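If you want the building blocks of each chain, they are given just below.
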Amino acid sequence: GNMDWNIVIAGLGGIGFGSLVTTGIQLINDNRNKKINRIFEEKKTAYLEYIKIISESQFMPEKEGSWKRTTAMARIDLFGSDDVLDKLEIVSSIKDGDLKEPLKNLFKAMREDLKTY
């Protein structure tokens with residue numbers, strides 16, 4: 001954890017390595033945070049795009065609506081959590097049933113996934 005690094009840095013501080021190591025670790029953490037932010041943004045965009053498409057696609061010709069939903073789902077396939085993918089599978093397998101509950105579960109999974117970042 002971070003505690004160990006602080007001890008190491010404190011120890012090295014006396015030798016003059018301290019600032020160098022600190023800078024190095026900040027760079028590593030920066031990149032990690034950037035990566036995490038990037039993944040969060042991708043997920044959020046994919047989820048919001050899907051939600052937008054499922055409402056809009058109801059007013060499109062069947063083929064076009066189906067294609068847009070498939071494209072939106074493909075993005076979720078790339079970035080979504082396993083739980084979101086499971087719930088998405090359920091939603092997309094329902095043809096003429098009531099989608100209210102499955103969609104609620106899907107949105108909850110999306111929310112939970114985004115909360116972990």
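To be clear, the structure that these remarks concern was listed above.
Residues numbered from 1 in each chain as written. Predicted model: local features only at pLDDT ≥ 70, side-chain atom pairs only at ≥ 80, totals over all residues. Heavy atoms only, no water.

Chemist: Please clarify how the nonpolar core should be interpreted in this entry.
Modeler: Generally speaking, nonpolar side chains in soluble globular proteins are found buried as a group. In this structure, Tyr 47, Tyr 50, Ile 76, Val 84, Leu 106 and Met 110 are the most contacted members of the largest nonpolar core, which totals 15 residues. For this core, the secondary-structure elements that each account for two or more residues are helix 2 (18–56), helix 3 (62–79), helix 4 (82–93) and helix 5 (100–115). In contact with Tyr 50, other than residues within four places in its own chain, are Ala 72, Met 73, Ile 76, Leu 88, Val 91, Leu 106 and Met 110. (Core = buried A, V, L, I, M, F, W, Y, C linked by side-chain atoms within 4.5 Å. Buried < 20%, exposed > 50% of the residue type's maximum accessible area, 1.4 Å probe, protein only. Helix = DSSP H or I, 4+ residues; strand = E, 2+ residues; numbered from the N terminus. Contact = heavy atoms within 4.5 Å.)

Chemist: How should the packing of helix 4 against helix 5 be read in this particular structure?
Modeler: Between two packed helices, the angle of one axis relative to the other and the distance separating the axes together describe the packing. For the pair helix 4 and helix 5, the least separation of the axes is 9 Å and the interaxial angle reads 165 degrees. It follows that helix 4 is roughly antiparallel to helix 5 by the angle criterion. Read as a crossing pair, helix 4 and helix 5 show a hand that is left-handed. Note on element contacts: helix 5 touches helix 4 through Pro 102, Leu 103, Asn 105, Leu 106, Ala 109, Met 110 and Asp 113, opposite Asp 83, Val 84, Lys 87, Leu 88, Ile 90 and Val 91. By residue class, the composition of the contact of helix 4 with helix 5 is nine nonpolar, one polar and three charged. (Axes fitted to C-alpha atoms, helices over the stretch in contact; angles between N-to-C directions. Parallel < 35°, antiparallel > 145°, perpendicular 65-115°, else oblique. Left-handed = near helix turned anticlockwise from the far one by under 90°. Nonpolar A, V, L, I, M, F, W, Y, C, P; charged D, E, K, R; others polar.)

Chemist: Just to check I follow, could you spell out the packing of helix 3 against helix 4 for this structure?
Modeler: Running from amino to carboxyl end, helix 3 crosses helix 4 at an angle of 155 degrees, the nearest separation of the two axes being 10 Å. The angle between helix 3 and helix 4 places the two elements in the roughly antiparallel class. Two packed elements cross with a definite hand, and for helix 3 against helix 4 that hand is left-handed. Only Val 84, Leu 85, Leu 88 and Ser 92 of helix 4 make contact with helix 3, whose side of the interface consists of Met 73, Ile 76 and Asp 77. Here the residues of the contact of helix 3 with helix 4 sort into five nonpolar, one polar and one charged.

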